[in-house]
Amino acid sequence: MDTVSLLLFSYDCLLALSLLWISWQIFANADLFRSIVLFIAFGLLMALVWVRLDAPDIALAEAAIGAGLTGALLLSSLARLDETAMSGKNISSGLPVRLTYRSLLTLVIMLVGGGLAYVIQSLPDEAEGLTAVVIEQLNNSGVSNPVTAVLLNFRGYDTLLEIMVLLLALLGVWSLKISPISGGPPAGAMLDYLVRLLIPVLILVAAYLLWVGAHAPGGAFQAGSVLAAACVLLLLAGWNIPDSISSNVLRILVILGPVTFVITSLLSLYFNQHLLAYPAAYAGQLILLLEAAATLSIGFILAALFLGNDPSAGDSK
Amino acid sequence: MSQPVFYSTIGIGLFCIGLYALIVQSHLLRRILAINIMGSGVFLLLVALGGRGTTGIPDPVAHAMVITGIVVAVSATALALVIMLQLSQTSGRAQQPDKSQDSRH
């Protein structure tokens, strides 16, 4: 192996070992807070792995959603858990399973893992997959980034269902009526100034990611998650968002994406007899419109998932 | 070892670690972490296998599926966390009860 490939292979090995070691440490640790922080680090390492695998779109999504937003959700849940749990706050350990059962379980899982590894080993070294099919139709899709073309045009149905799943999760969270995140101490002058500086930049970055998704890594999900990060930052800095946005505005923003998708699919069914079949001349503009609506919805749904309670819950009192 | 096979094996390793932790851990928050790690392992497997193409471009359908999967995973995690909080509010703890001690009483 020449020097460059040797260096790249050692980089791969370093990433892989760090991933496996961190995932083991997440569960070997007694402190829950430390486990969550390690999980965030795990997400960021995964983003590096996605870059190594030539998947920059996934790297952006994993860093923003997988590491950032999931980490924020986990930390706020841990804080609320400490408020409600009666005892044993941060310490948790495994079930006191007998050693024989543990070793039997380890054996079974190693068998499962070994079987999977054997199957992977027996797959052909080169498999075309669907790359050629997508590249062939890319000119008709309206965008030049193949992942965006697949997400918003060729497999637009999956994206429609995905936005519905997000909305469904939000409805589930709102219907369970947990207590809202406690205010916490008011933000110091430094944090306040930083927030005022960062929020316009974050909104601009979200708009850029939305626009650039047509021809470079980016797109609606990455832009929506940056928007959600901006909202979470505002909430953490003590700004009283739930009071200043009326619940109706939030509800309209949250259903904007799903409704736009549904209207587009109904229109396409009526005019083209196929679900989400765009007219070829307007495909690019239509995709941008769908992505813009989806970005707003995704951003506010994720931020509302972090907030945790229905802002209109106080209206009935 | 070629890159697809290497990263697929790492993905399988992550899946197995997550599965073991899901079964053995008693605290619900750690179980949610375990499910997320299992998901990351599966995504790694999908994308690594999608990089086996003969042209330089990796399979965009696999990438799109994984982006969809990441978003669905975060929404499932959010709902699971809220259910866990509800459970801890009603029962006072977020941990599976210790059955081996109950049987001795």
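Residues numbered from 1 in each chain as written. Chains lettered and ligands numbered in written order. Predicted model: local features only at pLDDT ≥ 70, side-chain atom pairs only at ≥ 80, totals over all residues. Heavy atoms only, no water.

Asker: Break down the side chain of threonine 68 of chain B for me, with residues and values.
Answerer: Structurally, threonine 68 of chain B can be placed in helix α3 (residues 60-91). Take threonine 68 of chain B: its relative accessible area is 15%, and that puts it in the buried class. (Helix = DSSP H or I, 4+ residues; strand = E, 2+ residues; numbered from the N terminus. Buried < 20%, exposed > 50% of the residue type's maximum accessible area, 1.4 Å probe, protein only.)

Asker: Tell me about the interface of chain A and chain B, residues and numbers included.
Answerer: Each partner contributes residues to the interface: chain A has 86 residues there, and chain B has 71 residues. Summing both partners gives a buried area of about 7200 Å² for chain A against chain B, and 76% of it is carried by carbon and sulfur. Linking chain A to chain B there are 12 residue pairs in polar contact (both at pLDDT 80 or more). Taken together, the residues that form the side of chain A that touches chain B break down as 54 nonpolar, 18 polar and 14 charged. (Contact = heavy atoms within 4.5 Å. Buried area = accessible area lost by both parts, 1.4 Å probe. Polar contact = N/O pair within 3.5 Å; in protein donor to acceptor, adjacent residues only side chain to side chain. Nonpolar A, V, L, I, M, F, W, Y, C, P; charged D, E, K, R; others polar.)

Asker: Before we move on, could you go through the packing of aromatic side chains and cite the residues and values that matter?
Answerer: Applying the stated criterion across every chain yields a total of 4 aromatic pairs over all chains. Look at phenylalanine 39 of chain A and phenylalanine 42 of chain A: their rings are 6.3 Å apart centre to centre, the planes differ by 20 degrees, and that puts the pair in the stacked class. On the criterion of helical spacing, the pair formed by phenylalanine 39 of chain A and phenylalanine 42 of chain A is a turn pair, its members being 3 residues apart in helix α2 (residues 32-52). Each member of the pair phenylalanine 39 of chain A and phenylalanine 42 of chain A is classed as buried. An angle of 80 degrees between the planes, with centres 5.3 Å apart, marks the rings of phenylalanine 6 of chain B and tyrosine 7 of chain B as edge-to-face. Residue phenylalanine 6 of chain B shares its accessibility class with tyrosine 7 of chain B, and that shared class is buried. (Phe/Tyr/Trp six-rings, centres within 6.5 Å; stacked < 30°, edge-to-face > 60°.)

Asker: A description of the side chain of threonine 159 of chain A should follow, citing residues and the corresponding values.
Answerer: Within the secondary structure, threonine 159 of chain A sits in helix α7 (residues 156-175). Once residues within four sequence positions are removed from consideration, threonine 159 of chain A is found in contact with Leu151, Phe221 and Phe261 of chain A.

Asker: Lay out the confidence of the model for chain A with the relevant residues and their values.
Answerer: Residue and element names in this part refer to chain A. Considering every residue of chain A, the mean pLDDT works out to 87; 89% of them sit at 70 or more. At the low end of the mean pLDDT range in chain A sits helix α10 (residues 241-244), at 66; at the high end sits α2, at 95. Scored below 50 in pLDDT, residues 86-90 shows 8 contacts in the model against residues more than four places distant or in partner chains. (pLDDT = per-residue confidence, 0-100.)

Asker: Account for the pattern of salt bridges, naming residues and giving values.
Answerer: Residue and element names in this part refer to chain A. Enumeration over the complete set of coordinates arrives at 3 salt bridges over all chains. Salt-bridge contacts for aspartate 12 lead to arginine 52; the nearest nitrogen and oxygen are separated by 2.7 Å. Linking aspartate 12 in helix α1 (residues 3-28) with arginine 52 in helix α2, this pair joins segments that are 40 residues apart in sequence. (Salt bridge = Lys/Arg side-chain N within 4 Å of Asp/Glu carboxyl O.)

Asker: Tell me about the environment of proline 200 of chain A, and please be specific about residues and values.
Answerer: Residues and elements named next belong to chain A. Inspection of the secondary structure puts proline 200 in helix α8 (residues 189-212). Among the residues examined, proline 200 registers a relative accessible area of 48% and is labelled partly exposed. A C-alpha to C-alpha distance of 29 Å links proline 200 and alanine 79, two positions 121 residues apart in sequence.

Asker: I'd like a rundown of the nonpolar core, residues and numbers included.
Answerer: Within the largest apolar cluster, 107 residues are counted, with the highest numbers of intra-cluster contacts made by Ile26, Phe42 and Trp50 of chain A together with Leu44 of chain B. Tallying contributions element by element places helix α12 (residues 283-307) of chain A first for this core, with 13 residues. Setting aside residues up to four positions removed in sequence, leucine 44 of chain B forms contacts with Met46, Val49, Trp50 and Leu53 of chain A together with Tyr7, Ile10, Gly11 and Leu14 of chain B. By size, the runner-up hydrophobic cluster in this structure holds 6 residues, among which are Leu105 and Ile120 of chain A together with Ile12 and Val24 of chain B. (Core = buried A, V, L, I, M, F, W, Y, C linked by side-chain atoms within 4.5 Å.)

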